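Residue-level structure breakdown
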Amino acid sequence: MRATGTSAGRTITILLVEDSPDDVDLMQEAVNEAGIDVELQVVDDGVKALKYLRRQGRFADKPPASMVLLDLNLPRKDGREVLVEMKSDRKLACIPVIVLSTSASEDDVRFAYAHHANCYICKPLDLDEFLAVVDAIRDFWLTVVRLPG
Amino acid sequence: MPLTASPSVQRGKGMSQEEQKGRAETVRIRIPLEFRKKGEGEEGGLEEKVELARLTAPIAREPARAAQQQKEVSADRDPFCNQLLLNIYDGLIITDLEGRIIETNARASTLLRYRPEEFLGRQVTDLIDGADESLLKDIGQNISHEKFTMIEGFCQRREGGEFPAEVTVNMIRLPDRELFCFFVRDITKRMELEIELLRLSKAAESAADAICITDQEGHHVYQNPAFTELFGYTFEQLVADGGIVKLFADEEVERAFADGIDAAGAWAGEVEMLRRNGRKRIPVYMRANAIRDEEGEMLGLICVHTDMTERRRAELELRRAHDDLEKRVTERTQELQKSNERLQKEVSERKHAEEELKRYARDLEHSNRELQQFAYVASHDLQEPLRAVVSYLQLLERRHKEALSEDAIRFIDRSVAAGKRMQNLIRDLLEYSRVGTNGAPFVEVNINSVVETVLEGLHLAIEETGAEVIFGDLPTVVADPGQIEQLLQNLIANAIKFRRGDPLVTISARRVEKARKKVDRGGKSMAELRVHEGWLFSVEDNGIGIEQEFAGRIFRIFQRLHTVKEHPGTGIGLAICRKIVERHGGDIWVQSEPEYGATFYFTLPDLPAQKQGD
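Report on the accompanying structure. All figures in this text were calculated on a predicted structure; none of them were measured in a lab.

1. Some points on the nonpolar core
- Core analysis: the biggest nonpolar cluster contains 44 residues, and B:Leu487, B:Leu488, B:Ile492 and B:Phe602 have the highest contact counts within it.
- Broken down by element, the residue count for this core peaks at seven residues, all from helix α18 (residues 481-497) of chain B.
- If we skip the residues at most four places from it in the chain, B:Leu488 touches B:Ile447, B:Val450, B:Val451, B:Val454, B:Val539 and B:Phe602.
- In this structure, A:Ile14, A:Met27, A:Leu100 and A:Leu127 belong to the second largest nonpolar core, which totals 28 residues.

The structure is reproduced here in structure tokens:
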């Protein structure tokens, strides 16, 4: 089944904040496999992530992100800080944040929810499980859920 | 001259007549005195005068005749001789060689209380005790007219009574006959003096103090036995050595003594004097006093020395005892000071140790934080590439399945399985590292409800295996609830996992008192287990059990007794259990025998509940 992530007739843009190129590629693969019609924008650190969201500098012309897939452990400014800044910034607070981390740490999970992450997903090791996760994201966040415009 | 009386004086005035008679022989000591004819001295002069007396009268045997003869004798004499005889100090009795009195003088009458005529014809031996016939015979035979024999004895008075007398006898040869002359001298006064002297001398002799006397020129003249004893000098030795002044140990003292005597005639002081043998110094208290006659003329010096050796020794001993006491007090004080210093040192050492401990605790905390950080980063950073390896292998298989041989696919599967196992290890490691660092505060936890929660979590495994878990009446303890849950979960899960047939798990608890007991922790050695007051829990199963020699090993991280194929797992469970129990101050061990199940014991000491956030 092919889902089209649309919002007001536009292709949905998802910002993937991920420093590992392997994971980026894997995510791209998974998104492709899941047949999601989204524009996946990628930044590899927290500073860039916030600049993108605020459409600053070279990100000024980029499409605004409707959703953020956020890794927690990042160079320069890590995912936790990005989350905290986003949720305390009125303009960015409404953008859903899906935390995607290899960490299964209870502390990380609590931290994420405490700072209004929309959900916390542990990256599975197994490819099939990973694909299933991406399918689940597609089914829920891009199909069931109505995202803010 | 020592103050020793001549033996004759021993017949004292106080003696009865009987005693005197009984001792007559002691009196009868003749002392021949050789009169030197030098023409000087009274005695010589006397002799001359006696020589002049011409006693020529015939001696009558009958008293009447004798009286007649006496008159004749008197008449015969010239007036000078008569006057001389009458007036000499001694009583004069002239006898014939048989001892019959033929002539006396006035002094003899005064002394013996006879009228002159009453003497005549009497035996002189009746009047003078000691002048018996044998004496007369001896004198007659042995004594020439130029010699005197002196006897000391008692003279009998006419009316009775006697007096001590010194009687000098000599023989006079006249042209026609020989006569005896007895010169009687009353020595009562001299005897009294001698007795007095004897008394004084006896007192001095028996005195405990050393006494000596010197004459006016400082010559040593007397010393008592105590003196001899004390200074080790005989009288002669000290005289030879130069007298009392040689005894002074210090010249200065000697001078002070001499000055004192010169100025005041007396001196007293504590001095050191030298003993003869070895010149040992003797401490004495010396008192010296001048001896003066009635006119105040100094006749000599009497020195009394009290031996102070004993007293000095006693004083020394007292001082020693005192010093000893002081020394002991000092020592004790020092000891106290030392022990005080030791205590202070101990206190400071303890403080130091405490600070060390605090620093150690800080270091530990720091290193724990670092470890946690490390474990977190490691688990994350290790998992990223691992995920990539596993995922891309799987992607490879997925995309190119047709192009891959069966072997290739099998290899990929193996690699993926190994990667997954590695991920488990990484996660367990992380979890293990978090036991010590990410604990929750200790609060009251009801173990019954913990077990119930655990069993709910394990319900799939329990249903699958048909396991039966028996528990009940488990206590409430103070512990980290999450960790206690994990502990029991691991133990119960293990009991089910390593089953043999239908698993039966029994959980129980009992109180233990504070004690030390030997516990077999590894089969090889008996370890001493600290058991504080608290609870001893046991989780008993009827599973495969383990060999006791591996009992200690299973609590170490990643130590496994079985292959992954037999019993999957990383071998972290019991290591985490141990870490949890130790964090609670308890201990964990196992008793088991292969095929007879295993019983895991752990203790949880009574702890005070902590406030949240501690």
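2. Comments concerning helix α13 (residues 251-264) of chain B
All names here are of chain B.
- Here α13 contains 14 residues, and its C-alpha end-to-end distance of 20 Å stays within 8% of the 20 Å for a straight helix at 1.5 Å per residue.
- Taken together, the buried positions of α13 are occupied by Phe-257, Gly-260 and Ile-261. End-on view of α13: buried residues confined to an arc of 95°, all on one side of the axis. Away from its buried face, by an angle of more than 90 degrees, α13 presents the exposed residues Glu-251, Glu-252, Asp-259, Asp-262 and Ala-263.
- On its buried side, α13 packs onto β9 (266-274), β10 (281-292) and β11 (298-307).
- In the segment just after α13, Gly-265 is the residue with positive phi, at about 75°.

3. Overview of the pairing of strand β3 (residues 101-104) of chain B
- Pairing of strand β2 (residues 91-95) of chain B with β3(B), which is carried by three bridges, proceeds in the antiparallel orientation. When the bridges of β3(B) are listed, B:Thr95 appears paired with B:Ile101.

4. Observations regarding the sheet that holds strand β20 (residues 598-605) of chain B
All names here are of chain B.
- Taken together, five strands build an open sheet; the order of strands is β13-β15-β18-β20-β19 and the sheet is mixed. At either end of the open sheet lies a strand with only one pairing partner, and these are β13 (468-470) and β19 (588-592). The average undirected angle you get between the axes of adjacent strands in this sheet is 20°.
- Pairing of strand β18 (residues 534-540) with β20, which is carried by seven bridges, proceeds in the antiparallel orientation. In the sheet register, Gly-534 faces β20, and the bridge partner there is Pro-605.
- In this fold α18 packs onto β13, β15 (504-512), β18, β19 and β20, with an angle of close to 170° to the strand it touches most, β20.

What counts, and where the lines are drawn
- Residues numbered from 1 in each chain as written.
- Chains lettered and ligands numbered in written order.
- Predicted model: local features only at pLDDT ≥ 70, side-chain atom pairs only at ≥ 80, totals over all residues.
- Heavy atoms only, no water.
- Core = buried A, V, L, I, M, F, W, Y, C linked by side-chain atoms within 4.5 Å.
- Buried < 20%, exposed > 50% of the residue type's maximum accessible area, 1.4 Å probe, protein only.
- Helix = DSSP H or I, 4+ residues; strand = E, 2+ residues; numbered from the N terminus.
- Contact = heavy atoms within 4.5 Å.
- Expected span 1.5 Å × (residues − 1).
- Arc of directions from axis to C-beta.
- Pairing = 2+ DSSP bridges.
- Axes fitted to C-alpha atoms, helices over the stretch in contact; angles between N-to-C directions.

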